[in-house]
Amino acid sequence: MILEIVRMSTEDGPGIRTTVFFKGCALKCAWCHNPESISPQPQLVWMGNRCIGCRTCLSACPENSLDLSEAGMTIDRNRCTACGICAEECPGTALEMLGKAWTVDALVNEVIKDRAYFETSGGGVTLSGGDPGFQSEFAGGLLKALREKGLHTAVDTCGYCAPEALDRLLPYAAMVLFDLKLMDPEAHKRFTGHANPRILDNLRRVADYMRSHLHPRQLWIRTPIIPGATASAENITAIGQWISANINDVVTRWDLCAFNNLCRDKYRRLDLQWPFHDAPLLEASVMEDLAETARQSGVNPDIVFTSGATRLQTESPQRETDDVSAQNV
Ligand code: SF4
Ligand code: SF4
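The notes below deal with the structure included here. (Residues numbered from 1 in each chain as written. Chains lettered and ligands numbered in written order. Predicted model: local features only at pLDDT ≥ 70, side-chain atom pairs only at ≥ 80, totals over all residues. Heavy atoms only, no water.)

**Some words on unusual backbone geometry**
That bond from Gly129 to Gly130 is cis: its omega, 15°, falls within 30 degrees of zero. In this fold, Gly130 is placed in the loop between β7 (124–128) and α5 (136–148). Phi is positive for Met8, close to 60°, though the residue is something other than glycine. Among the residues examined, Met8 registers a relative accessible area of 45% and is labelled partly exposed. The phi dihedral of Thr93 falls on the positive side, at around 50°, and the residue is not glycine. Thr93 gets classed as partly exposed once you look at its relative accessible area, which sits at 47%. (Helix = DSSP H or I, 4+ residues; strand = E, 2+ residues; numbered from the N terminus. Buried < 20%, exposed > 50% of the residue type's maximum accessible area, 1.4 Å probe, protein only.)

**Some points on the site of ligand 1**
Contacts to ligand 1 come from 14 residues, most closely from Cys51, Cys54, Arg55, Cys57 and Cys90. Its residues assigned to classes, the shell around ligand 1 comprises eleven nonpolar, two polar and one charged. (Near = heavy atom within 4 Å. Nonpolar A, V, L, I, M, F, W, Y, C, P; charged D, E, K, R; others polar.)

**Concerning the packing of aromatic side chains**
If you walk through the whole model with that rule in mind, you get six aromatic pairs. Taking the centre distance of 5.8 Å and the plane angle of 45° together, the rings of Phe259 and Phe276 count as tilted. Placement of the pair is Phe259 in the loop between β11 (251–258) and α10 (264–269) and Phe276 in the loop between α10 and α11 (284–295), with a sequence separation of 17 residues. Residue classification places Phe276 among the buried positions, given a relative accessible area of 9%. Ring geometry for Trp274 versus Phe276: centroids 6.0 Å apart, planes at 55°, classification tilted. As far as burial versus exposure is concerned, Trp274 and Phe276 are alike and both buried. Pairwise contacts between aromatic rings join Phe259, Tyr267, Trp274 and Phe276 into one cluster. One residue, Lys100, lies across the ring of Trp102, its end atom 4.4 Å from the ring centre. Sitting over the face of the ring of Tyr160, Arg198 holds its NZ or CZ atom 4.7 Å from the ring centroid. (Phe/Tyr/Trp six-rings, centres within 6.5 Å; stacked < 30°, edge-to-face > 60°. Lys NZ or Arg CZ within 6 Å of the ring centre and 35° of its normal.)

**Structural notes on the side chain of Thr310**
Tracing the chain through its elements places Thr310 in the segment after β12 (304–307). When its relative accessible area of 4% is taken as the criterion, Thr310 is described as buried. Discounting residues that sit within four places of it in the chain, Thr310 has contacts with Ala258, Leu281, Leu282, Glu283, Ala284 and Met287. (Contact = heavy atoms within 4.5 Å.)

**Some points on the site of ligand 2**
In the vicinity of ligand 2, the residues found are Leu44, Cys61, Pro62, Glu63, Ser65, Leu66, Cys80, Thr81, Ala82, Cys83, Gly84 and Cys86. When grouped by side-chain class, the residues that make up the shell around ligand 2 number eight nonpolar, three polar and one charged.

**Here we look at the pairing of β11**
Pairing analysis gives seven bridges linking strand β10 (residues 218–225) to β11, with the strands arranged parallel. Bridged to Ile225 within β11 is Ala258. In this fold, the crossover linking β10 to β11 by way of helix α9 (residues 233–246) has right-handed handedness. Two strands pair when backbone bridges link them, and β11 and β12 are joined in this way by four bridges, in the parallel orientation. Paired with Leu256 across the two strands is Thr306, which belongs to β12. (Pairing = 2+ DSSP bridges. Right-handed = clockwise from strand over helix to strand, strands pointing away.)

What follows is the structure, encoded as structure tokens:
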């Protein structure tokens, strides 16, 4: 079950990459920038700017799940079976099913169209989500098929999968991007739904695998910098000390990724409240200070990077947009 395929990405590993976003994740991070990737099931969304008000969808829906009023479309998600009929019938493409079942062969044929970009840039294919570990048998099969075609592969994971799921991915992943969000287990549970011991065990497992296999592999750690949650010197110091004590010899990069509020529309379309709806972008100075804290935490200072927009780099306030597909961050 794939959410979408995003081409020409420069954020998900080296070079120009095609990123395959999986649906399904065991964590529910309060700040999640891809809320439509958490559920493993397909989900219906409505984009009001495309709707011409023809009401075709209302009569097409076999479950009477839709209601259109001046306030917009209401989707009764308790009744909706995600059959997709309304989206197929909608002449304005205002209704869209998020999530589509693919076969490994079809996905390989799709992403291999970008091989020329990979070869000229040193890029490849990244599996992200959601969490590829949530569909590990399929993800492992896809990675294996991509490697057999000679493509560079990367896995971007939240790390909260069964160890056996990781074992299905690691033999075919030239690179792992692993999220390390919070070191305090209580805070981790409060903000993501689960404490972090399994994640730390899995990260040690990734590092052990890389140490015991000679062919070159890369491990990047990614920490989302979220105001009021992960964005503290205490947390960054604790993460750096853990990296230094456990996996310093294997990690090649530690990215601090600035909070982004461009996903507000995604929550609205899914009828979800987002606790960070009104949170502004971070000040550039906050990111610089945390990066300096990271460099002094015991890791190799040369592996610390920052990414994402900050308030000083944004001339006008963030505007809500109706372009869902452009917002995967
Ligand atoms: S079918 Fe599409 S365009 Fe017509 S009312 Fe429904 S959502 Fe709007
Ligand atoms: S996906 Fe199917 S059940 Fe859900 S609103 Fe559309 S037609 Fe109705």
